[in-house]
Amino acid sequence: MRAIVMDEIAGPLAVREVAEPKAPESGAVITVVATGLCRSDWHAWVGHDEIALPHVPGHEFAGVISEVGPGVTKWAVGDRVTAPFVEGCGVCEWCLSGNAQVCPEQQQPGFTHWGSFAERVVIHAADTNLVAIPEGVSFEAAASLGCRFATAYRALTGRAGVSAGEWVTVVGAGGVGLSAVMIAKALGGKVIAIDRHSAALEAASSLGADHVLLADGSDLPARVHSLTGGGSHVSVDAVGSEQTCADALLSLRRRGRHVQIGLLPPVDGHPRVPMARVIAWELDVFGSHGMAAADYPGMLALIASGSLEPQRLIERVIGLEEAARQLPEFDTANVAGMTMINPGK
């Protein structure tokens, strides 16, 4: 099969023929129809994650089952499926309680094993991790759910518990940030989106953001406090840097809730965050690491009803060769919305 292959960390990517995967016990092989180009893939490429080389990136995808392994009882060849980017083992206490996203034995396509920037990808513990794609939901829209959209949904519902009328500040208007804007609005929130690119802010406005702020070096938390009359109830760092995390935390009102979605790679040790404000204002700080397949039904019901429209976040569909060129530039690219890859294109 054709796949994007990493032969070295932060090196050139090549599209070439590699061996076909085989379905493991309790697992499945998926023919990939759509897979998303995500900032997390860039983190793996640049070396922020431990991966074994050569490596195939890609972790959010949708497609059709082409093979099932022994022990799979819920799925068959031909089923339209997607999956969270965290593969729970299916048998530990966390998986059995519906929290596969924190499974200690988890695997992740594109990180712990070869991923979905290929014509086919393997999923382990298929009965625990696969999700059926409802009729009327496109493969591209379903692929967007695996990481960014589902992570934002759980961050705002299962972690921060956003209520109608609350102010939500979203720092970073890329794929996960725009997902958070859409979801916060669907929950009845009032949204402020912050980004360094005007095109991203235009996209946020089109999705209903009440205010947009350009990250231009000004005091962003002070501007949020002015707009909201004392700070947001909820903040989201959808980028993952010391600056964006600090801006998000400092934008909160007293006893506000912060959700950290963007990965925070260490800079000269552990990342520096304004913990003095967290303590003095009794802020709640939540991590959000994807969403288990068990939690998908509520989100899919909102998509089926039209309350959430992840397909609106997709700006472009490209092939493997173009994706191999774009991934190394992802951290600095000036693009709005999500980029989807069609491995057959």
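Above: the structure in question.
Residues numbered from 1 in each chain as written. Predicted model: local features only at pLDDT ≥ 70, side-chain atom pairs only at ≥ 80, totals over all residues. Heavy atoms only, no water.

Visitor: Outline the pattern of salt bridges, supporting the account with residue identities and numerical values.
Guide: Tallied over the full model, the rule gives 13 salt bridges. With a shortest N-O distance of 2.8 Å, arginine 272 and glutamate 242 are connected by a salt bridge. Taken together, the positions of arginine 272 in the loop between strand 12 (252–260) and helix 9 (275–280) and glutamate 242 in helix 8 (residues 242–250) put the pair 30 residues apart, joining distant regions of the chain. Note that glutamate 322 is salt-bridged to arginine 325, the shortest N-O span being 2.7 Å. Separated by 3 residues within a single helix, glutamate 322 and arginine 325 lie in helix 11 (residues 320–326), roughly one turn from each other. (Salt bridge = Lys/Arg side-chain N within 4 Å of Asp/Glu carboxyl O. Helix = DSSP H or I, 4+ residues; strand = E, 2+ residues; numbered from the N terminus.)

Visitor: Describe the environment of methionine 182, naming the residues involved and giving the relevant values.
Guide: Mapped onto the fold, methionine 182 is located in helix 5 (residues 175–186). For methionine 182, a relative accessible area of 7% translates into the label buried. For the pair methionine 182 and alanine 152, spaced 30 residues apart in the sequence, the C-alpha separation amounts to 9.5 Å. (Buried < 20%, exposed > 50% of the residue type's maximum accessible area, 1.4 Å probe, protein only.)

Visitor: Account for the pairing of strand 15 (residues 338–341), with residues named and values stated.
Guide: Of the two faces of strand 15, the one holding Met338 and Met340 and the one holding Thr339 and Ile341 are both buried throughout. In the sheet, strand 3 (residues 28–37) pairs with strand 15 via 3 bridges, with the strands oriented antiparallel. Bridge pairing in strand 15 links glycine 36 to methionine 340. As judged from the 4 bridges shared by strand 14 (residues 314–318) and strand 15, these two strands associate in the parallel manner. Within the sheet, the bridge partner assigned to isoleucine 314 lies in strand 15 and is methionine 338. (Pairing = 2+ DSSP bridges.)

Visitor: Give a description of unusual backbone geometry that names residues and reports values.
Guide: That bond from leucine 53 to proline 54 is cis: its omega, -5°, falls within 30 degrees of zero. The backbone phi angle of alanine 10 is positive, close to 60°, even though this residue is not glycine. Mapped onto the secondary structure, alanine 10 falls in the loop between strand 1 (2–6) and strand 2 (13–17). On the accessibility criterion, alanine 10 (40% relative accessible area) is partly exposed. We note that glutamate 282 has phi near 50°; this positive angle belongs to a residue other than glycine.

Visitor: An account of the sheet that holds strand 8 (residues 167–171) is needed here, citing residue identities and associated values.
Guide: A sheet is described by the order of its strands in space; here 6 strands give the open sequence 10-9-8-11-12-13, paired in parallel fashion. Where the open sheet ends on each side, the last strands, each with one partner, are strand 10 (211–214) and strand 13 (284–287). Averaged over all pairs of adjacent strands, the angle between their axes in this sheet comes to 20°, without regard to strand direction. As paired strands, strand 11 (residues 232–237) and strand 12 are joined by 5 bridges and run parallel to one another. (Axes fitted to C-alpha atoms, helices over the stretch in contact; angles between N-to-C directions.)

Visitor: Outline the packing of aromatic side chains, listing residues and values.
Guide: The full count for this structure, using the stated rule, is 0 aromatic pairs. Directly above the ring of phenylalanine 139 sits arginine 80, whose terminal nitrogen or CZ lies 4.6 Å from the centroid. One residue, arginine 277, lies across the ring of tryptophan 281, its end atom 4.0 Å from the ring centre. (Phe/Tyr/Trp six-rings, centres within 6.5 Å; stacked < 30°, edge-to-face > 60°. Lys NZ or Arg CZ within 6 Å of the ring centre and 35° of its normal.)

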